[in-house]
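# A closer look at the structure
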Amino acid sequence: MLHVSIPPGSVAPSMPPIPIVRYDRVSKSYTRGAPVVRDLSLDIMPGEFLTLLGPSGSGKTTTLMMLAGFDEPSEGQIYLNGRDLADVPAYRRNLGVVFQNYALFPHLSVADNVGYPLRMRGIRRAQAGEKVRAALDMVRLGAFAERKPTQLSGGQQQRVALARALVFEPEMVLMDEPLGALDKQLREHMQVEMKDLQRRLGLTVLYVTHDQGEALAMSDRVAVFNNGQIEQIGGPRELYEAPLTPFVAQFIGENNRLCGKIEAIKGNECRVALEGAHIVASPVGTLAPGAAVELSIRPERMVLTAPGEADALPASVIDVTYLGDHCRLRLSALGGETLMVKLPIQQVPERLLPGQPVGVRWDPLHCRAMTAPASAAGTRPQQEND
Amino acid sequence: MTDMVFDAGNADAVLRPSLRRGGRGALWRRRLAGFVLVMPMLLFSLALFGAPLVQTLWYAVASPEVGESLPHVAAQIRRWDGEGLPPDPVYAAMAGDLVEAGKTRALFHLASRLNYELTGARRLLTRTETRLERADDPPQDARAALIAIDKEWGQPEIWQVVRRAALPVTAHYFLSAFDLRQEPDGAIVAAPAENAIFLNIMARTLWMSSVATALALLLGFPVAYLLANASARWRGLLLIPVLLPFWVSLIARLCAWIVLLQKDGIINSSLISLGVIDSPLPLLFNRLGTYIAMVHVLLPFVILPLYSVLQAIPPTYMRAASSLGASPVRAFFTAYLPQALPGLGAAASLAFIISIGFYVTQTLVGGPKEMMMSYFVAFYATQTVNWGMAAALAIILMAITLIIYVASKRIFGADGAQA
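Residues numbered from 1 in each chain as written. Chains lettered and ligands numbered in written order. Predicted model: local features only at pLDDT ≥ 70, side-chain atom pairs only at ≥ 80, totals over all residues. Heavy atoms only, no water.

In the annotation of an unreviewed UniProt entry, chain B is listed under the name ABC transporter permease and assigned to Ancylobacter mangrovi. For chain B, the Sequence similarities (unreviewed entry) comment in UniProt is given as "Belongs to the binding-protein-dependent transport system permease family. CysTW subfamily." (UniProt positions renumbered as here; feature names shortened; annotations may be inferred.)

In structure tokens:
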């Protein structure tokens, strides 16, 4: 095995936990156009599954490729186990990389593909053969060793790529949209399988995706990227329940967005004036009266009431979509705003017709008031989740 | 009517017969139009490629001379079993036919043809003809008369050669092309040293083509690699010098090489004025000059197919190899090059096939030791009017081409199809 030698003195004092990777104020810009990554600082802890989530062009892949060694930071340093990677070429970094299209060598058999990193490290044939067998068994492809990659299905190729990235016991594994080329069902299956493998082997994983569902399902932490910066980083639940910016609220899960102005703040509640209504919400961050805010309410946090009930917003039904386990309602309220409501099937009234007046209510705790972005167009994410 | 034509179960056919029929007619018209469009090219190829090819094949084995100039001998000698000397009627026919043949140029062709197989046959025939003509009357005893003119007529060799040459086809030219000859008694032996030049020429042709191909690949691969990995703008600029040779005639390019390479040419004079060399380097009319000109002609044919294959290899493979611990050089040889092999094979076989047919290049910038098979095809066809020999060499050249084509398909085509 190739060990990255760490010169004495360059290691941070052994006060746990030490990050395995540290991005220290890293920027990346090309000669033309806006910087792709801006002033990024990020620690990756040993054994964690960290996902970089964001729309295309947000800098997440560049961030991963700089760690892999295929892109150089324009500014800042990246440390792996305390060692500055600036002068370490990609092939000496000892990182397992799984590429979007797997990049399995078409001229080599499955076993030779998996054995490739061992061959490059000069490991003896017998020992390498054993490791290859173990790695292929690990991804349950032991019977396919002699096939060519092109003779395998997409999911099998993905698993070969995984085995190849793991067989040489790398410091950590980087994955660039590894499930992007698979269909939905297989993708969900592979999510479970990869998460299981990561837990079992205690792997540190840096994962890049634009699929928020994938990010939530697999990650210990998710860093949401927007315009080359991390908009918010945290656990899946934190990101979903407590987004700090409208971008994060919009990008992860569905939400209803309403624009208004702060009228008054009292403790952890504020009053927001909208067109024709006043709404009580939870302020996020420091807000002052008069500030333009965006309200975010998750569709599943909305409750349907009888029309005219106290504290309920009057609305009328636009349409109802039956989805088996739940129903989606589109309501018209506040003079033309469309609200999306997600109701468990047992809470859906029996007769609900388009045009019918209803009331809609929510806990102010789940109505988050966040500073509205200066130019809404620039930061509005394209929903790419499916 | 539609029910008869179309399966009744085919709802589409039953419901929309008129549409179908229209579709059929249209299809036929399209096919006809396609055929008409292809016709000129097809006729052109048949007339100017197919027919000459068949004729060349025939020339390489045809043996019409005896039948044409000695018709009676040809008829009589068939009855002779080839043992000892032929019977009297053959001698008589020979005496008669020779005089007849002497009145036209037929004797000249016959004499040349028989001389290929039996040295001295030309002299024997012309001498005999002259003597017979001078004698005026046909001799009573043809056998005695002929033997009296020349003792050779009393030996079996000339008769055996005539008998074999009277057959409609001969292996003579192909045997000669492989430095073999058939003895009058039918045994196949090595040709005498002064005639055994063709194996040497064949080996030289294959060797020089291999060297030129290898050099073109070595020089062309980096260019193709650069082209495949350059940005669109640079690619456009790089393609211009690659394609430029196609816009300049071969002769003009060769003349340019002569200007550059000759004894007091640009290269030699600049090297001398720079003090690198004292006396001019021999760059022209030798092997070196030939290789330079050949490689220059071959380069575009190597670069373009290579480029199209290299372009299809995504850069991810090099990255993947690198992430797995391969240094750039190892990544290139273990991950990139194997995928470029089909392209290399295609480029190599194309360059080789073009090389073995080179003719003008050697003639202009090579010396006598650079002449390859195509030169000898031209030599036999235009200088000695030995169509049989020219055809046999041409056929062998074509066979080599076909073998290389099929072999490269087998080796690179089958492995190369990775999809």
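## What to know about the overall build of chain B
For chain B, the count of helices and strands is 21 helices and two strands. Here the C-alpha radius of gyration of chain B, 32 Å, is well above what a compact globule of 419 residues would show, namely 22 Å. Taking the principal axes of the C-alpha coordinates as reference, chain B spans close to 95 × 95 × 40 Å. Every one of the 419 residues in chain B was classed for burial, and the buried ones make up 40%. (Helix = DSSP H or I, 4+ residues; strand = E, 2+ residues; numbered from the N terminus. Rg over C-alpha atoms; globule rule 2.2 N^0.38 Å. Buried < 20%, exposed > 50% of the residue type's maximum accessible area, 1.4 Å probe, protein only.)

## Section: the interface of chain A and chain B
At the interface, 20 residues of chain A touch 19 residues of chain B. Counting the surface lost from both chain A and chain B, the interface buries some 1800 Å², and carbon and sulfur atoms represent 65% of this. It is Y91, H107 and M120 of chain A in chain A that bury the most area against chain B; as a group they hold 32% of the surface buried on that side. Linking chain A with chain B are zero salt bridges, by the criterion used here. The tally of links between chain A and chain B comes to four residue pairs in polar contact (both at pLDDT 80 or more). (Contact = heavy atoms within 4.5 Å. Buried area = accessible area lost by both parts, 1.4 Å probe. Salt bridge = Lys/Arg side-chain N within 4 Å of Asp/Glu carboxyl O. Polar contact = N/O pair within 3.5 Å; in protein donor to acceptor, adjacent residues only side chain to side chain.)

## Some thoughts on the sheet that holds strand β2 (residues 37-44) of chain A
Residues and elements named next belong to chain A. Read across the open sheet, the four strands follow the order β2-β1-β4-β5; overall the sheet is antiparallel. With partners counted over all chains shown, the strands left at the sheet margins are β2 and β5 (83-84), one partner each. Examined bridge by bridge, strand β4 (residues 75-80) and β5 share two bridges and lie antiparallel to one another. When the bridges of β5 are listed, L80 appears paired with R83. (Pairing = 2+ DSSP bridges.)

## Quick word on the sheet that holds strand β12 (residues 269-274) of chain A
All names here are of chain A. Here five strands make up a closed barrel; going around it, the order is β11-β12-β13-β20-β14 and the pairing mixed. Sheet twist, expressed as the average angle between the axes of neighbouring strands with direction ignored, equals 55°. When strand β13 (residues 277-283) meets strand β20 (residues 367-371), the two strands line up parallel, connected through two bridges. The residue of β20 that forms the bridge with S282 is R368. (Axes fitted to C-alpha atoms, helices over the stretch in contact; angles between N-to-C directions.)

## Some thoughts on the nonpolar core
In this structure, Y23, L67 and L206 of chain A are the most contacted members of the largest nonpolar core, which totals 111 residues. In terms of residue count, the dominant contributor to this core is helix α16 (residues 287-311) of chain B (ten residues). Apart from residues no more than four positions distant in its own chain, L67 of chain A is found in contact with V21, Y23, I44, I78, L85, R93, L95, M172, L174 and L206 of chain A. (Core = buried A, V, L, I, M, F, W, Y, C linked by side-chain atoms within 4.5 Å.)

## So, the UniProt feature "domain: ABC transmembrane type-1" (unreviewed entry) in chain B
Per the UniProt record, "domain: ABC transmembrane type-1" (unreviewed entry) is annotated on residues 202-408 of chain B. Between the end C-alpha atoms of residues 202-408 of chain B there is a gap of 20 Å, over a span that is 79% helix and 0% strand.

## Here's the deal with the UniProt feature "transmembrane region" (unreviewed entry) in chain B
All names here are of chain B. Using the residue numbers shown here, the UniProt feature "transmembrane region" (unreviewed entry) corresponds to residues 32-54, 206-228, 237-260, 291-310, 344-365 and 385-407. Helix makes up 100% of residues 32-54 and strand 0%. Its end C-alpha atoms lie 29 Å apart. Secondary structure over residues 206-228 splits into 100% helix and 0% strand, and the C-alpha atoms at its two ends are 31 Å apart.

## Digging into the packing of helix α14 (residues 250-261) of chain B against helix α15 (residues 266-273) of chain B
When two helices pack together, their arrangement is captured by the angle between the axes and the distance separating the axes. Residue and element names in this part refer to chain B. It is at 4 Å that the axes of α14 and α15 come closest, and there the two elements cross at 20°. Here α15 runs roughly parallel to α14, going by the angle between their axes. Between α14, through V259, L260 and L261, and α15, the contact on the second element is made entirely by I266, I267 and N268. (Parallel < 35°, antiparallel > 145°, perpendicular 65-115°, else oblique.)

## Looking at the environment of P86 of chain B
Residue and element names in this part refer to chain B. Residue position: P86 is located in the loop between α5 (71-77) and α6 (88-102). Since its relative accessible area comes to 0%, P86 is described here as buried. Considered as a pair, P86 and A142 are 56 residues apart in the sequence and their alpha carbons are 12 Å apart. Those residues in contact with P86 that sit more than four places away from it in its chain are W80, Y91, R143 and W159.

## Regarding the confidence of the model for chain A
Residue and element names in this part refer to chain A. Per-residue pLDDT for chain A averages 87, and the proportion of residues at 70 or more is 93%. Low confidence marks residues 1-14, where pLDDT is under 50. Its contacts with residues over four positions away, or in another chain, come to 14 contacts. Note that pLDDT drops below 50 for residues 376-386; the model gives that stretch 21 contacts with residues more than four away or on any other chain. (pLDDT = per-residue confidence, 0-100.)

## Thoughts on the packing of aromatic side chains
Aromatic ring pairs are described here by two measures, namely the spacing of the ring centres and the angle between the planes. Summed over all chains, the structure comprises 19 aromatic pairs over all chains. Plain terms: the ring middles of F105 of chain A and Y317 of chain B are 6.2 Å apart, the flat faces sit at 40° to each other, and that makes the pair tilted. Here F105 of chain A, found in the loop between β6 (96-98) and α2 (110-120), pairs with Y317 of chain B, found in helix α17 (residues 316-323), and the two come from separate chains. By relative accessible area, which is 0% here, F105 of chain A ends up buried. Geometrically, the ring pair formed by F247 of chain A and F251 of chain A is stacked, given 5.7 Å between the ring centres and 5° between the ring planes. Here F247 of chain A pairs with F251 of chain A, and both are found in helix α8 (residues 246-251), just four residues apart, close to one helical turn. Each member of the aromatic cluster is reached from another via a ring pair, and the members are F198, Y375, F376, F379 and Y380 of chain B. Here the basic side chain of R164 of chain A rests over the ring of F105 of chain A, its NZ or CZ set 4.8 Å away from the ring centre. Above the face of the W80 of chain B ring, R163 of chain B is positioned so that its terminal group lies 6.0 Å from the ring centre. (Phe/Tyr/Trp six-rings, centres within 6.5 Å; stacked < 30°, edge-to-face > 60°. Lys NZ or Arg CZ within 6 Å of the ring centre and 35° of its normal.)

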